[in-house]
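In case you want the letters, here they are:
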Amino acid sequence: MSSVTLHAVTAANSAQTLPEVLSLIHALALFEKDPDAVEATIELLHRNFGFGETGKNTQYAQCVLAYVGGGPEEGGECVAMACYFFTFSTWTGKGGLYLEDLFVKEAYRSQGISKKLFAYLGQICVDRDLPRMDWVRFEISRTTEGQRSGCR
């Protein structure tokens, strides 16, 4: 496998990355046997990832993409994503990170890409002093359990 590089979805690269995010969302829905459930569009992702009108705080989620063969600017292949958002605990007075979706294309599974994405998210937690990262594993994702349990 070529080396894997991670790229955060940003306003600057959104023209290349948002179509990739939407494609992976559709692939995830197909994997979860619910392909007709996706309502997301490029426009909704653009707005809700915070790339909409200046001065309006609408950043509800963020996403990091994994590429092989170069990043989005070099025409690399997008093979995985992790979409996440930040939470807050009133009891601790601190924030947290919630992993909404992690998806790796089938041909690239069991190659450490999930672990690399988890390490990226873990570093965000360290950098921002977030004491917790949460996610829910669906039964259909059983094959990823080993990858997730080894992440620190």
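Going along each chain's sequence as written, the residues are numbered from 1 onward. Residues qualify for local features only when their pLDDT is at least 70, as the model is predicted, and side-chain atom pairs are given and counted only at 80 or more; totals for whole chains, interfaces and linings, by contrast, use all residues. The basis for every side-chain value is the complete set of heavy atoms in the structure, and neither hydrogens nor water enter the calculation.

S.K.: Explain helix α1 (residues 14-31) to me, please; I cannot follow it from the model alone.
M.R.: At 3.6 residues per turn, the α-helix brings residues three or four places apart onto the same side. In this text, helices come from DSSP runs of H or I with a minimum length of four residues, and strands from runs of E with a minimum of two, each type numbered from the N-terminal end. To estimate how far a helix should extend, the number of its residues minus one is multiplied by 1.5 Å. Taking 1.5 Å of rise per residue, 18 residues should cover 26 Å, and α1 covers 25 Å from first to last C-alpha, within 8% of that figure. Considered for burial, the residues of α1 that qualify are Ser14, Thr17, Leu18, Val21, Leu22, Leu24, Ile25, Leu28 and Ala29. Angularly, the buried residues of α1 cover 165° about the axis, an arc narrow enough to put them on a single face. Opposite the packed face of α1, turned more than 90 degrees from it, sit the exposed residues Ala15 and Leu30. Note on exposure labels: buried denotes an accessible area under 20% of the residue type's maximum, exposed denotes more than 50%, and partly exposed covers the range between, all computed with a 1.4 Å probe on protein chains only. Within this analysis, the arc is defined by the directions that extend from the helix axis to the C-beta atoms.

S.K.: Please explain helix α3 (residues 113-127) as it appears in this structure.
M.R.: When the terminal C-alpha atoms of α3 are compared, their 21 Å separation across 15 residues agrees well with the 21 Å that a helix rising 1.5 Å per residue should span. One or two steps after α3, the chain reaches Asp129, where phi turns positive at roughly 55°.

S.K.: Got a minute to help me understand the pairing of strand β2 (residues 62-68) in this structure?
M.R.: Moving residue by residue along a regular strand, the side chains alternate between the two faces of the sheet. Taken across its 7 residues, β2 has 6 buried, putting it largely inside the fold. The pairing criterion is simple: DSSP has to find at least two bridges between the two strands. Both strand β1 (residues 4-8) and β2 contribute to a ladder of 5 bridges, which runs antiparallel. Across the sheet, residue Leu6 finds its bridge partner in β2, namely Ala66.

S.K.: Help me understand the nonpolar core, please; the structure alone is not making it clear to me.
M.R.: Across soluble globular proteins, nonpolar side chains show a tendency to be buried alongside one another. Throughout this description, the term nonpolar core refers to a set of buried Ala, Val, Leu, Ile, Met, Phe, Trp, Tyr and Cys residues connected via side-chain atoms within 4.5 Å. Ranked by size, the top nonpolar core spans 21 residues in total, and within it Leu97, Ile113 and Leu121 carry the most contacts. For this core, the secondary structure elements donating two or more residues are β2, β3 (77-89), β4 (94-104) and α3. Among the elements that line this core, the one with the most residues is α3, at 6 residues. Counting residues in hydrophobic clusters, the runner-up holds 18 residues, among them Phe51, Ala61, Cys63 and Cys78.

S.K.: Before we go on, may I ask you to explain the sheet that holds β2 in this structure?
M.R.: To summarise the sheet geometry, strands pair through backbone hydrogen bonds and adopt either a parallel or an antiparallel arrangement. Taken together, 5 strands build an open sheet; the order of strands is β1-β2-β3-β4-β5 and the sheet is mixed. Each end of this open sheet is capped by a strand with a single partner; those strands are β1 and β5 (133-134). Where β2 and β3 come together, 7 bridges link them in antiparallel fashion. Its bridge partner lying in β3, Gln62 is registered against Tyr84. Every residue pair with non-hydrogen atoms within 4.5 Å of one another is taken to be in contact. Angles shown run from 0 to 180 degrees and are taken between the N-to-C directions of axes, each axis being a line fitted to C-alpha atoms and, for helices, limited to the stretch in contact. Its contacts with the sheet put α1 on β2, β3 and β4, and the angle it makes with β3 is roughly 85°.

S.K.: Any chance you could explain unusual backbone geometry here in plain terms?
M.R.: Glycine aside, residues mostly have negative phi, and peptide bonds are mostly found in the trans state. Even without being a glycine, Lys33 presents a positive backbone phi close to 60°. You can see Lys33 is positioned in the loop between α1 and α2 (42-48). Unusually for a residue other than glycine, Asp129 sits at a positive phi of about 55°. In this structure, Asp129 sits in the loop between α3 and β5.

S.K.: I would appreciate a short explanation of the pattern of salt bridges in the present structure.
M.R.: Any Lys or Arg side-chain nitrogen located within 4 Å of an Asp or Glu carboxyl oxygen qualifies as a salt bridge. Scanning the model with the defined rule gives 3 salt bridges in all. A salt bridge links Glu77 to Lys105; the shortest N-O distance between them is 3.6 Å. Of this pair, Glu77 sits in strand β3 while Lys105 sits in the loop between β4 and α3, and the two are 28 residues apart along the sequence. On the basis of relative accessible area, Lys105 is assigned to the partly exposed category, the value being 27%. Close ionic contact of Asp129 with Lys94 constitutes a salt bridge, the shortest N to O distance being 3.5 Å. Remark: Lys94 occurs in strand β4 and Asp129 occurs in the loop between α3 and β5; sequence separation between them is 35 residues.

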